[in-house]
Amino acid sequence: RRWMDDVLFDCEISESALMPRTFWMPADRTKARCVLEQMALDVFHHHVPENYHFDPDTSGAEWWVQIRPFPAAGRYTMHDPPQQD
């Protein structure tokens, strides 16, 4: 549950109008600044074999957040829709 709270918090911040629309996680960064950066880095390392030589100056993963509205709950929700009686 705590992990999902961290993901939702990072999504809210990343979706802010003050932030860029897409983000870049360099492959050579050893410490992610948020859960979403760690996920992007994990995806990169999943697809690039450990012994594969890549250019750390130009390699990495682009990531972004897209929050889709759920009208009955307001702006968005990650919870189950309200039950109808």
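This structure is a prediction, so every number in the text was calculated from the model and none was measured.

Rules of the game
- Residues numbered from 1 in each chain as written.
- Predicted model: local features only at pLDDT ≥ 70, side-chain atom pairs only at ≥ 80, totals over all residues.
- Heavy atoms only, no water.
- Phe/Tyr/Trp six-rings, centres within 6.5 Å; stacked < 30°, edge-to-face > 60°.
- Helix = DSSP H or I, 4+ residues; strand = E, 2+ residues; numbered from the N terminus.
- Buried < 20%, exposed > 50% of the residue type's maximum accessible area, 1.4 Å probe, protein only.
- Axes fitted to C-alpha atoms, helices over the stretch in contact; angles between N-to-C directions.
- Parallel < 35°, antiparallel > 145°, perpendicular 65-115°, else oblique.
- Contact = heavy atoms within 4.5 Å.
- Nonpolar A, V, L, I, M, F, W, Y, C, P; charged D, E, K, R; others polar.
- Core = buried A, V, L, I, M, F, W, Y, C linked by side-chain atoms within 4.5 Å.

Trainee: So what about the packing of aromatic side chains? Which residues, and what values?
Mentor: Using the criterion set out here, one finds two aromatic pairs in the structure. Note on phenylalanine 23 and tryptophan 63: the rings are 4.4 Å apart at their centroids and 15 degrees apart in plane angle, and the pair reads as stacked. Taken together, the residues phenylalanine 23 in strand β1 (residues 23–26) and tryptophan 63 in strand β2 (residues 60–63) connect sequence positions 40 residues apart. Of the two residues, phenylalanine 23 and tryptophan 63, neither departs from the other in class, the shared state being buried.

Trainee: How would you explain the packing of helix α1 (residues 2–14) against helix α2 (residues 35–47) if you had to name every residue and give the values?
Mentor: Taken N-terminus to C-terminus, the directions of α1 and α2 make an angle of 100 degrees; their axes are 8 Å apart at the nearest point. The orientation of α1 with respect to α2, classified from their angle, is roughly perpendicular. Here α1 contributes Trp3, Asp6, Val7, Asp10, Cys11 and Ser14 to the contact with α2, which in turn contributes Val35, Leu36 and Met39. In terms of residue class, the contact of α1 with α2 is built from six nonpolar, one polar and two charged.

Trainee: Just give me the short version of the nonpolar core, but keep the residues and values in it.
Mentor: In terms of nonpolar packing, the biggest core is built from 15 residues, with Met25, Leu36 and Trp63 touching the most fellow members. Listing elements by their share of this core, those giving two or more residues are α1, β1, α2 and β2.

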